[in-house]
Amino acid sequence: MAKAVLLPPFAAQWFAGREEIVVPGASSVFALVRALDAQAPGFADKAECGAAVAVNGQVIADWSKRLNDADEVLFVPKIAGG
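Note that the coordinates shown come from a computational prediction; the quantities given were computed from them, not determined experimentally.

Caption draft 1: Focus on the pairing of strand β1 (residues 2-6). Judged by how many residues are buried, β1 sits mostly within the fold: four of five residues are covered. As paired strands, β1 and strand β2 (residues 20-23) are joined by four bridges and run antiparallel to one another. Bridge pairing in β2 places Ala-2 opposite Val-23. Taken together, the four bridges between β1 and strand β5 (residues 72-77) define a ladder with parallel strand orientation. Among the inter-strand pairings, Val-5 is bridged to a residue of β5, identified as Leu-74.

Cut-offs and rules
- Residues numbered from 1 in each chain as written.
- Predicted model: local features only at pLDDT ≥ 70, side-chain atom pairs only at ≥ 80, totals over all residues.
- Heavy atoms only, no water.
- Buried < 20%, exposed > 50% of the residue type's maximum accessible area, 1.4 Å probe, protein only.
- Helix = DSSP H or I, 4+ residues; strand = E, 2+ residues; numbered from the N terminus.
- Pairing = 2+ DSSP bridges.

In short, shape yes, function no, at least from these values alone.
In structure tokens form, the structure reads like this:
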């Protein structure tokens with residue numbers, strides 16, 4: 001059961017303030033995002049364009065990354081700058 005950790009504003013906007021959500025059977029980051037989107041429609045689109053994703057503290061770009069039951073997936077809002 002992978003655990004999603006959602007930093008603001010994701011927790012407040014999409015999950016009524018819940019910052020940690022355990023998702024059973026999520027075999028990849030993509031599957032985890034789809035499961036979260038089923039709970040909060042529109043989250044996947046927002047995550048795709050507005051989130052950096054880290055698995056167990058390592059930032060990843062490939063959402064096909066396989067997940068283990070003990071993995072923690074962190075969703076961090078991207079910050080624009082110049």
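After that view, the rundown keeps rolling.
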